[in-house]
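Chain by chain, the residues:
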Amino acid sequence: MAIRTVATTPFPGQRPGTSGLRKKVTAFQQPHFLENFVQSVFDMLGDATGKTLVLGGDGRFHNRSAIQVVLKMAAARGFARVLLGQGGILSTPAASCVIRKHGAMGGIILSASHNPGGPDGDFGIKYNAANGGPAPEALTEAIYERTLALAEYRISDAPDIDIDTRGEHTVDGMRVEVIDPVADYAELMAQLFDFGAIRRLFAGGFSMCFDAMHAVCGPYAHAILEGMLGAPAGTVINGVPLEDFGGLHPDPNPVNAEQLIELMAAPGAPDFGAASDGDADRNMIVGRNFPVTPSDSLAVLAANATVAPGYAGGLAGIARSMPTSRAADRVAEALGVPCYETPTGWKYFGTLLDAGKATLCGEESYGTGSRHIREKDGLWAVLYWLNLLAVRGGSVQDIVTAHWQRFGRHYYSRHDYEAISPDAARLLMQDLRIKLAYMAGQKMNHYEVQSADDFEYTDPVDSSHASQQGIRIMMTDGSRIVYRLSGTGTEGATLRVYLERYEADPAQHHLPTQQALAGLIAIADSVASIVLHTGRTNPTVIT
Ligand code: G16
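Student: Looking at this structure, I do not really get empty space enclosed by the protein. What am I missing?
Tutor: Gaps left between atoms show up when a probe the size of a water molecule is rolled over them. On inspection of all chains with the given rule, the structure shows one cavity of 30 Å³ or more. There is about 360 Å³ of room inside the largest cavity. Residue lining of the largest cavity: 34 residues in total, with Thr-18, Ser-19, Arg-22, Gly-345 and Thr-488 positioned closest to the centre. Of all the secondary structure elements, the ones that give two or more residues to the lining of the largest cavity are helix H2 (33-43), strand S6 (122-128) and helix H5 (137-149). Looking at the lining of the largest cavity, the element that brings in the most residues is S6, giving three residues. Tallied by class, residues from the lining of the largest cavity come to nine nonpolar, 13 polar and 12 charged.

Student: Teacher, can you tell me more about the side chain of Ser-40 here?
Tutor: Structurally, Ser-40 is set in helix H2. Judged by its relative accessible area of 0%, Ser-40 falls in the buried class. A distance of 2.8 Å separates a polar atom in the side chain of Ser-40 from the backbone oxygen of Asn-36. With sequence-adjacent residues up to four places away left out, Ser-40 is seen in contact with Ile-143, Arg-146, Thr-147 and Leu-150.

Student: What am I meant to see in the side chain of Asp-122 here?
Tutor: Note on placement: Asp-122 falls in strand S6. Judged by relative accessible area, which is 4%, Asp-122 ranks as buried. Among the polar contacts listed, one links the side chain of Asp-122 to the side chain of Lys-24, at a separation of 3.3 Å. When neighbours within four sequence positions are excluded, Asp-122 is seen to be in contact with Lys-23, Lys-24, Val-25, Arg-60, Ala-112, Asn-115, Pro-116, Gly-117 and Thr-490.

Student: What am I meant to see in the packing of helix H10 (residues 294-303) against helix H13 (residues 378-392) here?
Tutor: Packed helices, taken two at a time, are described by the angle between their axes plus the distance between the axes. Viewed as axis vectors pointing N to C, H10 and H13 meet at an angle of 50°, and their least axial separation amounts to 11 Å. One finds that H10 runs oblique with respect to H13. Read as a crossing pair, H10 and H13 show a hand that is left-handed. Within the contact between the two elements, H10 uses Ser-297, Val-300 and Leu-301 and H13 uses Trp-380, Tyr-384, Trp-385 and Leu-388. Residue composition of the contact of H10 with H13, grouped by class: six nonpolar, one polar and no charged.

Student: Quick question: what am I supposed to make of the domain arrangement of the protein here?
Tutor: Size of an interface, as often reported, equals the accessible area lost when the parts are brought together. Along its sequence, the protein is organised into domain 1 (3-181), domain 2 (185-407) and domain 3 (409-542). Taking only C-alpha atoms into account, the centre of domain 1 sits 28 Å from that of domain 2. Contact residues are listed per partner, giving 34 residues for domain 1 and 31 residues for domain 2. Buried area between domain 1 and domain 2, both sides added, is near 2,500 Å², and the carbon and sulfur share of it is 56%. Here domain 1 and domain 2 share four salt bridges between them. Between Glu-187 and Lys-101 there is a salt bridge; the shortest N-O distance is 3.1 Å.

Student: Could you clarify how one ought to interpret the nonpolar core in this entry?
Tutor: One broad rule of soluble globular proteins: the nonpolar side chains tend to lie buried together. Of all hydrophobic cores here, the largest spans 74 residues; its most connected members are Phe-193, Phe-210, Trp-380, Trp-385 and Leu-386. Element by element, the count of residues in this core is highest for H13, at 10 residues. Each of two domains, domain 1 (3-181) and domain 2 (185-407), supplies a minimum of three residues to this core. Discounting residues that sit within four places of it in the chain, Trp-385 has contacts with Phe-272, Ile-285, Val-292, Ser-297, Val-300, Leu-301, Val-396, Ile-399 and Val-400. Formed by 44 residues, the second largest nonpolar core is a distinct cluster that contains Phe-33, Met-73, Ile-155 and Ile-161.

Student: Is there a simple way to think about the pairing of strand S17 (residues 360-363) in this case?
Tutor: Residues in a regular strand point their side chains to alternate faces of the sheet. Along S17, one buried face is formed by Leu-360 and Gly-362 and the opposite face, lined by Cys-361 and Glu-363, is buried too. Strand direction decides the pairing type here: strand S15 (residues 318-321) and S17, joined by three bridges, are parallel. Among the inter-strand pairings, Ala-319 is bridged to a residue of S17, identified as Cys-361. Hairpin geometry of S17 and strand S18 (residues 367-370) is characterised by an intervening segment of three residues between the two adjacent antiparallel strands and by a positive phi of about 65° at Tyr-366.

Student: Hey, could you run me through the site of the ligand in this one?
Tutor: As a matter of local geometry, the ligand sits amid 19 residues, with Thr-18, Glu-363, Gly-487, Thr-488 and Arg-496 nearest to it. A distance of 2.7 Å separates an oxygen atom of the ligand from a polar side-chain atom of Ser-113. In this structure, Ser-486 approaches the ligand through a side-chain N or O atom, which is 2.7 Å from an oxygen atom. Here the ligand has 460 Å² of accessible area as a free molecule, and 99% of this is covered by the chains. With respect to the pocket detection grid, the ligand is positioned in the largest cavity. Each residue belonging to the shell around the ligand can be placed in one class, and the counts come to one nonpolar, 10 polar and eight charged.

Student: What is the right way to look at the layout of surface pockets in this model?
Tutor: Each pocket or cavity is described by its volume, and for the largest pocket that value is around 1,100 Å³. Lining the largest pocket we find 33 residues, and of these Gly-17, Thr-18, Leu-485, Ser-486 and Gly-487 sit closest to its centre. A per-element tally of the lining of the largest pocket places helix H15 (residues 422-436) first, with five residues. Here the lining of the largest pocket is built from residues that sort into eight nonpolar, 16 polar and nine charged.

Student: Help me understand the packing of aromatic side chains in this model?
Tutor: Within a pair of aromatic rings, the relevant descriptors are the distance that separates the centres and the angle that separates the planes. All chains considered together, the criterion is met by 16 aromatic pairs. Where Phe-193 meets Tyr-311, the ring centres are 6.5 Å apart and the plane angle is 35°; that geometry is what we call tilted. Of this pair, Phe-193 sits in the loop between helix H6 (183-192) and helix H7 (195-203) while Tyr-311 sits in the loop between H10 and S15, and the two are 118 residues apart along the sequence. No difference in accessibility class separates Phe-193 from Tyr-311, as the two residues are buried. Their ring planes at 40° and their centres at 6.4 Å tell us that Phe-206 and Phe-272 sit as a pair that is tilted. With Phe-206 in the loop between H7 and strand S10 (208-211) and Phe-272 in strand S12 (residues 272-276), this residue pair connects regions lying 66 residues apart in the sequence.

Student: Which parts of the structure should I look at to understand the pattern of salt bridges?
Tutor: Note on pairing: side chains with opposite charge can pair once their charged atoms come close. Scanning the entire structure with this criterion turns up 34 salt bridges. Linking Glu-341 and Arg-472 is a salt bridge whose minimum nitrogen-to-oxygen distance equals 3.3 Å. Of this pair, Glu-341 sits in strand S16 (residues 339-342) while Arg-472 sits in strand S24 (residues 471-475), placing them 131 residues apart in sequence. Here Asp-423 ties to Arg-426 by a salt bridge, and the two come within 2.4 Å at their closest N and O atoms. Here Asp-423 pairs with Arg-426, and both are found in helix H15, just three residues apart, close to one helical turn. With relative accessibility at 53%, the residue Asp-423 sits in the exposed group. One network of salt bridges, in which partners are shared, links Arg-320, Arg-326, Asp-329, Glu-341, Asp-453, Arg-472, Arg-480 and Glu-500.

Rules used in this analysis
- The residue numbers shown here count from 1 along each chain, following its written sequence.
- Per-residue local features are limited, in this predicted model, to residues with pLDDT of at least 70; the limit for side-chain atom pairs, both in listing and counting, is 80 or more; totals at the level of whole chains, interfaces and linings are taken over all residues.
- Side-chain numbers here rest on the full set of heavy atoms in the structure, without hydrogens or water.
- Within this scheme a cavity is a closed region of a 1 Å grid, computed over the protein atoms alone, that accommodates a 1.4 Å probe without allowing it to escape, whereas a pocket is open but has protein on both sides within 12 Å along at least five of seven lines; lining residues each have an atom within 4 Å of a point.
- Grid points are joined across faces, edges and corners, and a volume is the space filled by probe spheres set on the points.
- Runs of H or I in DSSP of at least four residues are treated as helices and runs of E of at least two as strands, each being numbered from the N terminus.
- Side-chain classes follow a simple rule in which Ala, Val, Leu, Ile, Met, Phe, Trp, Tyr, Cys and Pro form the nonpolar group, Asp, Glu, Lys and Arg form the charged group, and the remainder, Gly included, forms the polar group.
- Burial here depends on accessible area, computed with a 1.4 Å probe over protein chains only, as a share of the maximum for the residue type. Under 20% is buried, over 50% is exposed, and the range in between is partly exposed.
- Throughout this description, a polar contact denotes any pair of N or O atoms lying within 3.5 Å of each other; where both atoms belong to protein, one of them has to be capable of donating a hydrogen while the other can accept it, and for residues adjacent in sequence the pair is counted only when both atoms sit in side chains.
- For this analysis, residues touch if any pair of their heavy atoms sits within 4.5 Å.
- Only C-alpha atoms enter the line fits that serve as axes; for helices the fit covers just the stretch in contact. Angles between N-to-C directions range over 0 to 180 degrees.
- An angle below 35 degrees is treated as roughly parallel, one above 145 as roughly antiparallel, one from 65 to 115 as roughly perpendicular, and anything else as oblique.
- Note on convention: the crossing is left-handed when the near helix lies turned anticlockwise from the far helix by less than a right angle, right-handed when the turn is clockwise.
- By convention here, the domain bounds are inherited from an automatic or database domain assignment.
- A quick way to say it: buried area is the sum, across both parts, of accessible area lost when two parts are put together, with a 1.4 Å probe.
- Any carboxyl oxygen of Asp or Glu that lies within 4 Å of a side-chain nitrogen of Lys or Arg is treated as forming a salt bridge with it.
- Side-chain atoms within 4.5 Å link the members of a nonpolar core, which is a set of buried Ala, Val, Leu, Ile, Met, Phe, Trp, Tyr and Cys residues.
- For two strands to be treated as a pair, DSSP must find at least two bridges joining them.
- Being near a molecule or strand, for a residue, comes down to having at least one heavy atom within 4 Å of it.
- Residue exposure ignores everything except the shown protein chains as possible cover, and the areas themselves are Shrake-Rupley values with a 1.4 Å probe.
- The rule for placing a molecule in a cavity or pocket is simple: more than half of its atoms must lie within 2 Å of the grid points.
- Ring geometry is summarised as follows: Phe, Tyr and Trp rings, the Trp one being its six-membered ring, pair when their centres sit within 6.5 Å, and such pairs are stacked at plane angles under 30 degrees, edge-to-face over 60 and tilted between the two.

Following this line, the structure appears as structure tokens:
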């Protein structure tokens, strides 16, 4: 067997987005496309001699063939060992857990997360560093620069290995250990949560539906919920990972997880519902006919953090992405701990977690997590809720409405305009930036603008700086409108409009969300001239 050096030319557009490089499967199927990116990642890493790389993906179409390519390139790069999830499967949180537990140099995760899969769907790749977290911005930019100058890559001509059988294999002298993708992760969950209390909850007849959306969380949910915690068989639905997610869009929100939402609204609904996404890092929590917003979920978990043994010592701080509602800020204030506001992207939480400044983190995009790993973690959030329900009793709705009574309610919604023209999207944002300077003091319907800006962030730990992270219009009553362009889409551009209104009065906590936000929605549409710029009269998705 030999290492081949293959001449190549750069592909434009290999800049990682909010979370790694995401493109259509057909883009990744072009000769050299994947190899170029992997080589660019490897070129930016230090000496790999004697080091371990973790490898796995969400099982989507193209995962298995990409795994073989990465293995052969890792052998050519000189890694001593690869820990590979059996069948090429590793959820994003499990990969983060395995990197940390086994002291790996880093990991490659093959996933386009919540994006649709299949031959016509999306594929993705991201590099996670030794702390288990997404590569920081400085590294992803360096990788991108490298892709633009790449002239060759190195790959072993060793044959493909059997990735379905656990145990040791060799690729050109590099050891490949095919591991159980669930074991390390399950062990960690059992350390954090009161599995005894949750087992008793299920034994007492508590019912749950977990929708794995035919994505990677299925094996984890089966093993932990039905296996270790004794939930009845059938608790996990859509639990077999499929290459095209069974045609589902594995994005756990009330629009895409329609089957679960309908079930939870039907007579005889289970006590508790939850769903996770393509790579199992996102989660949605649903009570009986009662979806919980991710922002509220973070705030509720923060307010009740100490119910779980792994967090019995309390919180050092909370972190949320800027567009996430400020429900968590109120909890942080009550607890007397700091609340950090970061740009969108889990990578921005890494330094805060490493420095012990934040214990819980969350994002409006159905992401919640903690210091236990360096990624958001879908099943972890579900187990936290189960632990809370087991200790506190009552329903999901009881817990959330009691929380609103204590802290007030942050009505919250996100309106997405998908696949719009990138030029139109840029122009819309540009126009908004021009308007920022004279917005303060303007009266809009019954709102008055207190301030408006383009969010900038200086990391309190490493002082790295990020600018143009979303346009914020803040009202005097605490309401907000935020505009951002998505960094994870693969078709045209996606405009996200985030709407938030604070309501202290419990008598006003029962309104339908879109109704409660109607005034702000009208302002958001007109200030940004959304119809004029995009030609769209309605959002594609409202969550
Ligand atoms: C990724 C990031 C998240 C981010 C989300 C949405 O999630 O990890 O931090 O909130 O994208 O990003 P955008 O608004 O730019 O599309 P995932 O689950 O897709 O990896």
